[in-house]
Amino acid sequence: MLINGKQVSVEDLVGDDLRTNFRVVRENGLLLSNYQIAILERNRISYHKCKNMEELSFQIETCLDSMDDIDSELEEVSVQIDEYRYYHDIHH
């Protein structure tokens, strides 16, 4: 497509942000982005063993409670999952 006289592709516009932050249904049915998975794996949280988002949320909170220095990215993932659970529960 042409924008301001320059040829630009959709890939140029969305780039890695979309691939990193786009949530995908995983093998166990959880809806998680690659970014969220990277943070969970970095903190040794076995998201793939969780049967639902509530169980994952509990594992994250347990991990956060045991930390001396809170991982702000893990805390953000926790907030994102809680928001998803809230809106999912309201609409289902």
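Our structure's up above, just so we're on the same page.
Residues numbered from 1 in each chain as written. Predicted model: local features only at pLDDT ≥ 70, side-chain atom pairs only at ≥ 80, totals over all residues. Heavy atoms only, no water.

**Describing helix 2 (residues 34-42)**
Here helix 2 has its buried residues at Gln 36, Ile 37, Ile 39 and Leu 40. Each buried residue of helix 2 sits inside an arc of 160 degrees when the element is viewed along its axis, so together they form one side. The secondary structure elements touched by the buried residues of helix 2 are strand 3 (23-25), strand 4 (31-33), helix 3 (53-66) and helix 4 (72-91). Backbone geometry just downstream of helix 2 places Arg 44 in the positive-phi region, at approximately 60 degrees. (Buried < 20%, exposed > 50% of the residue type's maximum accessible area, 1.4 Å probe, protein only. Helix = DSSP H or I, 4+ residues; strand = E, 2+ residues; numbered from the N terminus. Arc of directions from axis to C-beta. Contact = heavy atoms within 4.5 Å.)

**Thoughts on the packing of helix 2 against helix 4**
Here helix 2 crosses helix 4 at 125 degrees, and the two axes come no closer than 10 Å. On the basis of the axis angle, helix 2 is oblique to helix 4. In this structure, the crossing between helix 2 and helix 4 has a hand that is left-handed. Taken together, the residues of helix 4 that come into contact with helix 2 (itself represented by Tyr 35, Gln 36, Ile 39, Leu 40 and Arg 42) are Glu 73, Leu 74, Val 77 and Gln 80. Considering only residue class, the contact of helix 2 with helix 4 consists of five nonpolar, two polar and two charged. (Axes fitted to C-alpha atoms, helices over the stretch in contact; angles between N-to-C directions. Parallel < 35°, antiparallel > 145°, perpendicular 65-115°, else oblique. Left-handed = near helix turned anticlockwise from the far one by under 90°. Nonpolar A, V, L, I, M, F, W, Y, C, P; charged D, E, K, R; others polar.)

**Regarding the packing of aromatic side chains**
Using the criterion set out here, one finds one aromatic pair in the structure. Ring plane angle 85 degrees and centroid distance 5.0 Å describe the contact between Tyr 86 and Tyr 87, whose orientation is recorded as edge-to-face. (Phe/Tyr/Trp six-rings, centres within 6.5 Å; stacked < 30°, edge-to-face > 60°.)

**A short note on a negative patch on the surface**
A contiguous patch of negative charge, built from Glu 61, Asp 65, Glu 75, Glu 76 and Glu 83, is present on the exposed surface. Secondary structure elements with two or more residues in the negative patch: helix 3 and helix 4. If you tally residues by element for the negative patch, the top one is helix 4, at three residues. Among the structural elements, Glu 75 can be located in helix 4. Glu 75 gets classed as partly exposed once you look at its relative accessible area, which sits at 41%. (Patch = residues over 30% accessible without salt bridge, like charges linked within 9 Å, V, L, I, M, F, W, Y side chains within 5 Å. Areas by Shrake-Rupley, 256 points an atom, 1.4 Å probe, with all protein chains shown as cover. Salt bridge = Lys/Arg side-chain N within 4 Å of Asp/Glu carboxyl O. Lys, Arg positive; Asp, Glu negative; His and termini not counted. Charge placed at Lys NZ, Arg CZ, Asp CG, Glu CD.)

Any link to function would need more than the numbers given here.
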